[in-house]
Amino acid sequence: MLFAVILCVLLFAGHSHGSCPAGYLVEGEFCFFFSEITGTWAEANSYCRTFNAVLFEPNTEDRQTALAKALQHVSGPNGREFFIGGSDFFIENQWIWSTEQNPITISHWSPGNPSDSNIGEDCMAVVKAGQWNDIACDRKLEFICERPAKHYLVETWIRISRVPTHTLTYSSSVGSQSMRSKASANSFTGPLQWIQVAPNSTVAWSSASPSSPNGTE
């Protein structure tokens, strides 16, 4: 036969919203952990890192939007506060994100903030309503840790018994799959086998391969 005989195609896809460790809340691409204990800003950093996480940093509009949505699942008044990963304790009024120490370039401060009203309000908190507040780093607050959501890439396995000697191409799109093969006058017959290809990838055989001369390859 001059074409590939496709016996089975299996697609394995992860959850569209990712997967988070137990106790975390998933929101889009992010995993949020809302603590039930309180600590200083430094203690909050330490707690998060103990569990391979960091204080959440809403350093893009997408991340701020995800944070605001996650906060909607939290009970309590809109003024309930949580430490997050920003501060200006190195240089006053130069706010940076703690992980990479990059300048804070977006603003979701509550009206009148950052105010440094009590002198030494050098750490960032977020209120349940989603706005930021500067607060003393030695205050005891709940905090928000972050870990990235795990996503499971689509894996495709194709079981074949006859393949062309030139090119076998598998293309994948949402909701549909197709198999295209470039036929050759020198098709071969071999044992059933599984090969793995990524979506939109090409498997190119050499002119005499795969040959399976003994029926074992």
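These lines cover the structure that appears in this document, whether it is placed above or below. None of the values given here were measured: they were computed from a predicted structure.

### Examining the state of the cysteines
Item 1. Under the criterion given, the structure shown has 3 disulfides.
Item 2. Two residues, Cys48 and Cys145, share a disulfide whose sulfurs are 2.0 Å apart. The disulfide joining Cys48 to Cys145 has a torsion of about -85° about its S-S bond and is therefore left-handed. Placement of Cys48 in helix α1 (residues 41–50) and of Cys145 in strand β9 (residues 142–148) is noted, with a sequence separation of 97 residues between them. Neither residue differs from the other here; Cys48 and Cys145 are each classed as buried.

### Here we look at the environment of Arg63
Item 1. On the secondary structure map, Arg63 appears in helix α2 (residues 61–71).
Item 2. We classify Arg63 as buried; its relative accessible area is 14%.
Item 3. Arg63 sits 35 residues away from Gly28 along the chain, and the two C-alpha atoms are 9.2 Å apart.
Item 4. There is a polar contact of 2.9 Å between the side chain of Arg63 and the side chain of Asn59.

Each value, and the rule that gives it
Residues numbered from 1 in each chain as written. Predicted model: local features only at pLDDT ≥ 70, side-chain atom pairs only at ≥ 80, totals over all residues. Heavy atoms only, no water. Disulfide = S-S within 2.5 Å. Helix = DSSP H or I, 4+ residues; strand = E, 2+ residues; numbered from the N terminus. Buried < 20%, exposed > 50% of the residue type's maximum accessible area, 1.4 Å probe, protein only. Polar contact = N/O pair within 3.5 Å; in protein donor to acceptor, adjacent residues only side chain to side chain.

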